[in-house]
Amino acid sequence: MPGAIAVIATLALAGGPNGSPPTPEEMVAYFVHGLEQGAIPRYGQQTDQPFKQVSRSPAVFTSTGPNEVGDKMETLRFTVTKLSDCTYKAEQQFEEDGEPYYRLAYTLDLSAVTAIGFDNPPATISLKGLTKSCATNTEGSCDPTREPEAIGPFFGEPRQAEQALAFFHEKFCPLKP
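Position labels on residues start from 1 in each chain and follow its written sequence. For a predicted model such as this one, the threshold for reporting local features is a pLDDT of at least 70, and the threshold for listing and counting side-chain atom pairs is 80 or more; totals across whole chains, interfaces and linings nevertheless cover every residue. Side-chain numbers here rest on the full set of heavy atoms in the structure, without hydrogens or water.

1. Observations concerning the confidence of the model for the protein chain
The score called pLDDT rates the predictor's confidence residue by residue, from a low of 0 to a high of 100. Model confidence for the protein chain is summarised by a mean pLDDT of 83, while 80% of its residues fall at 70 or above. Element-level mean pLDDT values for the protein chain span from 43 in helix α1 (residues 8–14) up to 96 in strand β1 (residues 52–56). To qualify as a helix, a DSSP run of H or I must reach at least 4 residues; to qualify as a strand, a run of E must reach at least 2; elements of each kind are numbered from the N terminus.

2. With respect to the pattern of salt bridges
Close approach of charged atoms allows side chains of opposite charge to pair. Take a side-chain nitrogen of Lys or Arg and a carboxyl oxygen of Asp or Glu: if they are within 4 Å of each other, that pair is a salt bridge. Throughout the structure, instances matching the rule amount to six salt bridges. One salt bridge connects Asp85 with Lys82, and the closest N-O pair in it is separated by 3.4 Å. Using a relative accessible area of 36% as the deciding quantity, one classes Lys82 as partly exposed. Between Lys171 and Glu170 there is a salt bridge, and its shortest N-O distance comes to 3.6 Å. Summary of the burial criterion: residues with accessible area below 20% of their type's maximum are buried, those above 50% are exposed, and those between are partly exposed, where the area comes from a 1.4 Å probe applied to protein chains only.

3. Topic: the packing of helix α2 (residues 24–33) against helix α3 (residues 158–171)
The angle between the axes and the distance between the axes are what describe a pair of packed helices. Put simply, α2 and α3 touch, their axes get as near as 8 Å, and they point 145° apart. Of the two elements, α2 crosses α3, and the hand of that crossing is left-handed. In contact with Pro24, Met27, Val28, Tyr30 and Phe31 of α2, α3 contributes Gln160, Ala161, Ala164, Leu165, Phe167 and Phe168. For the contact of α2 with α3, the per-class residue count stands at 10 nonpolar, one polar and no charged. Axis geometry follows a simple rule: fit a line to the C-alpha atoms, using only the stretch in contact for helices, then measure angles between N-to-C directions, giving values from 0 to 180 degrees. Helix crossings are classified by the rotation of the near helix relative to the far one: an anticlockwise turn of less than a right angle makes the crossing left-handed, while a clockwise turn makes it right-handed. Only heavy atoms enter the contact rule, under which two residues are in contact if any of them lie within 4.5 Å. Ten residue types, Ala, Val, Leu, Ile, Met, Phe, Trp, Tyr, Cys and Pro, are classed as nonpolar, four, Asp, Glu, Lys and Arg, as charged, and the remainder, Gly among them, as polar.

4. Some words on the sheet that holds strand β7 (residues 125–128)
An order of β6-β7-β9 is seen for the three strands of this open sheet, with the pairing classed as antiparallel. Two strands lie at the open edges of the sheet, namely β6 (115–118) and β9 (150–151), each paired on one side alone. Judged from the four bridges that link them, β6 and β7 form a sheet pairing that is antiparallel. Counted as the bridge partner of Ala115 is Lys128 from β7. Sheet strands in contact with α2 are β6, β7 and β9, and its direction is about 120° off that of β7. A pair of strands is considered paired only if DSSP assigns at least 2 bridges between the two.

Following this line, the structure appears as structure tokens:
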């Protein structure tokens with residue numbers, strides 16, 4: 001999948017518009033959810049509608065397409081906002097004609113994340129050492145006690161996510177000793 005975040009070497013040299021380096025929010029969006037311009041959603045009505053990056057900081061990605069019936073437009077929106085060097089707020093939201101009907105917001109402390117694990121094929125990931133808390137919990141979507149290190153969905157490439165995590169710790173959030 002070509003794109004600015006697809007190759008970390010490219011990211012380091014020319015991640016953003018006009019060759020600007022990637023923002024920490026863009027890096028987190030990639031290694032937590034595999035989000036980048038042109039990534040393809042793997043669920044919902046937008047499976048044929050690539051993500052568009054509409055903001056770098058906060059990092060905002062949207063995919064919009066007709067709903068199942070075809071009478072309304074549905075948008076899948078992901079937002080990653082920096083709270084501190086190692087703490088980020090992430091939000092997933094579905095909207096129908098601009099009205100939210102599903103929202104999940106959570107805080108991620110990434111200071112101790114040492115590795116990424118993937119399930120079959122990488123629909124969800126686990127971030128080893130993650131501390132998360134949920135601000136909203138639509139339909140029981142977030143249970144930090146049941147799966148404390150799990151995050152989903154994931155749309156990117158596992159190897160590239162691992163490289164993005166290493167880059168993130170090198171440039172933005174040094175690992176805790």
